[in-house]
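Observations on chain architecture
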Amino acid sequence: MSVQTDFIRGKAGLTGILEGISRARIGLIGDLCLDMYMDVDMRLSELSREVPNYTLPVVGERVSPGGAGNVAANLAALKPKALRVLGVLGRDWRGGLLKEALKARGVPADELIVSPRATTNAYIKPVRRGYSDLLYESPRLDYENREALSDGDEAALMEALERAAREVDVLCVCDQLKNGCVTGRVRRRVCELARDGLRVIVDSRDRIGEYRDVIVKPNEMEAMRALNLNGAVTPERMAQAALALSERSGRPALITLGENGCLAAEDGRVTHIPARRVSGPTDICGAGDSFLAALACALGGGADIRAAAALGNLGASVTIAKLGETGTASRAELMRAFEDCCGGI
């Protein structure tokens, strides 16, 4: 079975989906993060005079949006008609860098809340290099909010959510962190908006089971956790899990399966949608973000859930081939990926 010919319906079908994205109005609310990589050349290291440690000589650094920020970058790369991005940053140096990184990728940052009470989520990754080509990542430095979002910041975010909800076709929710911006109040309101007719897609590491009336998009382990399942991950169990999640939410449910594609459950039926095979080395970091962005844009442009999921698979296949970065997938790259495996069909 071919993901492109059976669900996207060939090159003409893909062209139609990509053109539909130009009509899509997409919103995103979630935990924006900064990924910072510090290149360390251990050949320059010296023993410190003050403490018995060798230094980590930084010779380069680069930053990119992570978490919901990477979803935002992927959405911007697909160029929907409109994009609204909501979240909370701290009034700190990391927040400034993240805003710049988002703007550089075409992500509108004017609705982000910048608060002196919040910490900008950031993950600092020193990557060591020595005489060989081997790269070694030192323990990561994590900046996260250790306390819940303040009442004032939550109220401001809720106001921004109400404004955006009136003007988007699809709302993506990235609920990833313990003390993230998707609080219980925000979560309940998102479900209410979905119940009232707004199409909502939720990606959540630990709280998928708390959502109703939305499209959920967990991976295998997140789905198992949401349903309190233990034991081996098998195709049969995943199909049952997809049905259970769809029944619980009252909307379609998707379970991503890495190189095996995804499952789409809707109206009591489960469909397996294969992935495009990628040869050579791969980097799976950010694949789920690319899947979510392509899925949302396709749905916003009028595609059905299976065709949208197939486009999500294509998007993930593009970004995993981009080594050492949490890359994005543009419309042109999606078309090239299609032609790579299906030619002119």
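Further up the page is the structure itself.
Residues numbered from 1 in each chain as written. Predicted model: local features only at pLDDT ≥ 70, side-chain atom pairs only at ≥ 80, totals over all residues. Heavy atoms only, no water.

Focus: the overall build of the chain
Applicable threshold: Strands here mean DSSP runs of E at least two residues long; helices mean DSSP runs of H or I at least four residues long; both are numbered from the N terminus. The globule rule used for comparison is 2.2 Å times the number of residues to the exponent 0.38, while the radius of gyration itself is calculated over C-alpha atoms. Relative accessible area decides the class of each residue, using a 1.4 Å probe on protein chains only: under 20% of the type maximum gives buried, over 50% gives exposed, and in between gives partly exposed. The contact criterion used is simple: two residues touch if any of their non-hydrogen atoms lie within 4.5 Å. All accessible-area figures derive from a Shrake-Rupley calculation using a 1.4 Å probe, and residue coverage is judged against the displayed protein chains alone. We count Lys and Arg on the positive side and Asp and Glu on the negative side, and we leave His and both chain ends out. A single reference atom marks each charge: NZ on Lys, CZ on Arg, CG on Asp, CD on Glu.
Within the chain one finds eleven helices and 15 strands. Relative to the 2.2 N^0.38 estimate, which gives 20 Å for 345 residues, the radius of gyration of the chain is 21 Å and therefore close to what a compact globule would have. If you line up the chain on its principal axes, its C-alpha atoms span 70 × 50 × 45 Å. Within the chain, buried positions represent 55% of all 345 residues. A sequence separation of at least 24 residues applies to 68% of the contacts in the chain between residues at least 6 apart. Entry remark: accessible area of the chain is about 15,800 Å², with carbon and sulfur atoms responsible for 48%. In the chain, which carries 45 positive and 46 negative side-chain charges, the distance between the mean positions of the two groups comes to 2 Å.

Quick word on unusual backbone geometry
The backbone of Asp 213 shows a phi angle near 65 degrees, a positive value even though the residue is not glycine. Mapped onto the secondary structure, Asp 213 falls in the loop between strand S11 (199-204) and strand S12 (215-216). In this structure, Asn 228 takes a positive phi of about 55 degrees despite not being glycine. Along the polypeptide, Asn 228 turns up in the loop between helix H7 (220-226) and helix H8 (235-249). Look at Asn 228 and you get exposed, because its relative accessible area is 68%.

Considering the pattern of salt bridges
Here is the rule: A pairing counts as a salt bridge when a side-chain nitrogen of Lys or Arg comes within 4 Å of a carboxyl oxygen of Asp or Glu.
Counting across every chain of the model gives 20 salt bridges. Where Asp 175 meets Arg 207, a salt bridge forms, and the shortest distance between an N and an O atom there is 2.6 Å. A residue pair is termed long-range when its members are at least 10 positions apart, and Asp 175 in strand S10 (residues 170-175) and Arg 207 in the loop between S11 and S12 qualify at 32 residues. The two residues Asp 175 and Arg 207 agree in class, both being buried. Here the salt bridges share partners, and the residues they tie into one network are Asp 175, Arg 187, Arg 207 and Glu 210.

Regarding the nonpolar core
Nonpolar side chains in soluble globular proteins generally cluster together in the buried interior. So the rule is basically this: By nonpolar core we mean a set of buried residues, namely Ala, Val, Leu, Ile, Met, Phe, Trp, Tyr and Cys, connected to one another through side-chain atoms within 4.5 Å.
Among the nonpolar cores identified, the biggest contains 61 residues, and Ile 26, Leu 75 and Leu 311 are the most heavily contacted of them. With sequence-adjacent residues up to four places away left out, Ile 26 is seen in contact with Leu 75, Pro 80, Ala 82, Leu 83, Arg 84, Val 168, Val 170, Cys 172, Ala 296, Cys 297 and Gly 300. Counting residues in hydrophobic clusters, the runner-up holds 42 residues, among them Met 158, Ala 165, Cys 181 and Val 200.

Quick word on a nonpolar patch on the surface
Counted only if it meets this: Patch definition: residues above 30% relative accessible area lacking any salt bridge, with like charges linked at up to 9 Å and the nonpolar side chains Val, Leu, Ile, Met, Phe, Trp and Tyr linked at up to 5 Å.
The grouping of Trp 93, Leu 141 and Tyr 143 at the surface amounts to a nonpolar patch, some 300 Å² of accessible area in total. Looking at where Leu 141 falls in the secondary structure, it is placed in strand S9 (residues 141-143).

Describing the environment of Ala 303
Structurally, Ala 303 can be placed in the loop between helix H9 (287-300) and helix H10 (305-319). Through-space distance from the C-alpha of Ala 303 to that of Gly 16 is 8.9 Å; in sequence the pair is 287 residues apart. Filtering out sequence-adjacent residues up to four positions away, Ala 303 remains in contact with Ile 17, Ala 298 and Ala 308.

Examining the side chain of Asn 74
To keep it simple, the criterion reads: N or O atoms closer than or at 3.5 Å make up a polar contact, with two conditions inside protein: a donor-capable atom paired with an acceptor-capable one, and, for residues adjacent in sequence, both atoms drawn from side chains.
Along the polypeptide, Asn 74 turns up in helix H3 (residues 68-78). Among the residues examined, Asn 74 registers a relative accessible area of 1% and is labelled buried. A distance of 2.9 Å separates the side chain of Asn 74 from the backbone oxygen of Asn 70, its partner in a polar contact. Residues in contact with Asn 74, not counting those within four places in the same chain, are Asp 289, Ser 290, Ala 293, Thr 319, Gly 327, Thr 328 and Ala 329.

A word on the packing of helix H5 (residues 151-165) against helix H6 (residues 184-195)
Stated formally: Interaxial angle, 0 to 180 degrees, is taken between N-to-C directions of lines fitted to C-alpha atoms, where a helix line uses only the stretch in contact. Throughout this description, any angle smaller than 35 degrees is read as roughly parallel, any larger than 145 degrees as roughly antiparallel, any in the 65 to 115 degree range as roughly perpendicular, and the remainder as oblique. Helix crossings fall into two classes, left-handed where the near helix is turned counterclockwise from the far one by less than a right angle and right-handed where it is turned clockwise. Polar here means any residue outside two lists: the nonpolar Ala, Val, Leu, Ile, Met, Phe, Trp, Tyr, Cys and Pro, and the charged Asp, Glu, Lys and Arg; Gly therefore counts as polar.
One way to put it is that H5 packs onto H6 with a least axis distance of 11 Å and a crossing angle of 15 degrees. As far as their axial angle goes, H6 and H5 are roughly parallel. Every pair of crossing elements has a handedness; the one defined by H5 and H6 is right-handed. Residues Glu 154, Ala 155, Leu 157, Met 158, Leu 161, Glu 162 and Ala 165 of H5 form the contact with H6, whose participating residues are Arg 185, Val 186, Arg 189, Val 190 and Leu 193. Residue classes in the contact of H5 with H6 are distributed as eight nonpolar, no polar and four charged.

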